[in-house]
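Architecture at a glance
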Amino acid sequence: MLTQTKETDLFCQYYAQWIKVYKDGAVRDVTMIAESVENAIKRVEENKPFSLPSDLAEKCYEMLGENGYGSPDHFEQLLVTYFSKQGAKAKVLPKNSSDKVGDCDVEAVFPLLHLTISVQAKKHWRQTGDWAVQQISDYSKNRKKSDNADVNWSYVNWVVSFAEEFTEAAIQKAQMNGVVLINGKDFCKMLIAAGLEV
């Protein structure tokens, strides 16, 4: 039985009571809606409002995650699609060239901005170490030495990993070399913000 509500009661308190009566009293099965309402109540109590982009990014991360689908090549293609959606001319670079110093998987060129973003992509789980940062840093240093580097152009280096986090060594090396680190959850937020289907 629902108790009398007061003007000072929060809407979520009323619904918490309603769910208890109708879930436990089982007039009909409201389990699915009950869980949604209980999650909404928890968000209000924890001062974490509903965020569709964040929730979609979380689903994206789960879908592409360890038990999901997608190879490292698929991950690189997602990066190309992301950059293309942002207006870049993006491509996956050839693998394992014998004369290649360092490594860059994806390059995104923004001609109007005179900007190139070079990305070392890692479809790792849990953590990514400093080797990824070393690869993109070596690639960047070699590019600066080559005749291909334009002094009127800006070059930015990223490591995008599907891992949840980077090791402390990776973070320190990235700071020393000016490399941007993007984990899997943040990458999924970027995909959702860009309006990509994964």
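Source: prediction; values computed, not measured.

Further remarks concern the overall build of the protein. Scanning the protein from N- to C-terminus turns up seven helices and seven strands. Put simply, the protein runs from its N terminus to its C terminus through helices and strands in the order α-α-α-α-β-β-β-β-α-β-β-α-β-α. For the protein, with 198 residues in total, the buried portion stands at 35%. Sequence separation of 24 or more characterises 57% of the internal contacts of the protein that already satisfy a separation of 6 or more. Taken as a whole, the protein presents about 12600 Å² of accessible surface, with 52% of it coming from carbon and sulfur.

Under the criterion given, the structure shown has one salt bridge. For D130, the salt bridge goes to K173, with nearest N and O atoms at 3.6 Å. Of the two residues, D130 sits in helix α5 (residues 130-145) while K173 sits in helix α6 (residues 168-177), which places them 43 residues apart along the sequence. Using a relative accessible area of 30% as the deciding quantity, one classes D130 as partly exposed.

Looking now at the environment of A132. Summarising the element assignment, A132 is placed in helix α5. Given the relative accessible area of 2%, A132 is considered buried. In this structure, the C-alpha to C-alpha distance between A132 and K173, residues 41 residues apart in sequence, is 9.9 Å. When neighbours within four sequence positions are excluded, A132 is seen to be in contact with Q120, K122 and V159.

With that settled, the discussion passes to the nonpolar core. Counting residues in each nonpolar core, the largest one holds 25 residues, and the members touching the most others are L79, F83, I117, V119, W158, V160 and F187. Looking at this core, the elements with two or more residues in it are α4 (72-85), β2 (106-110), β3 (115-122), β5 (154-161) and α7 (184-194). No other element matches α4, which puts six residues into this core.

Right, let's get into the sheet that holds β2. With respect to topology, five strands assemble into an open sheet ordered β1-β2-β3-β5-β7, the strand pairing being mixed. Two strands close off the open sheet at either side, each with one partner strand: β1 (89-92) and β7 (179-182). Adjacent strand axes in the sheet meet at a mean angle of 20 degrees when their direction is disregarded. Of the pairings in the sheet, the one linking β5 to β7 comprises four bridges and is parallel in character. Residue pairing for β7: V160 is matched across the bridge by I182. Contacts from α7 reach β5 and β7 within the one sheet, and its direction differs from that of β7 by about 85 degrees.

Parameters at a glance
- Residues numbered from 1 in each chain as written.
- Predicted model: local features only at pLDDT ≥ 70, side-chain atom pairs only at ≥ 80, totals over all residues.
- Heavy atoms only, no water.
- Helix = DSSP H or I, 4+ residues; strand = E, 2+ residues; numbered from the N terminus.
- Buried < 20%, exposed > 50% of the residue type's maximum accessible area, 1.4 Å probe, protein only.
- Contact = heavy atoms within 4.5 Å.
- Areas by Shrake-Rupley, 256 points an atom, 1.4 Å probe, with all protein chains shown as cover.
- Salt bridge = Lys/Arg side-chain N within 4 Å of Asp/Glu carboxyl O.
- Core = buried A, V, L, I, M, F, W, Y, C linked by side-chain atoms within 4.5 Å.
- Pairing = 2+ DSSP bridges.
- Axes fitted to C-alpha atoms, helices over the stretch in contact; angles between N-to-C directions.

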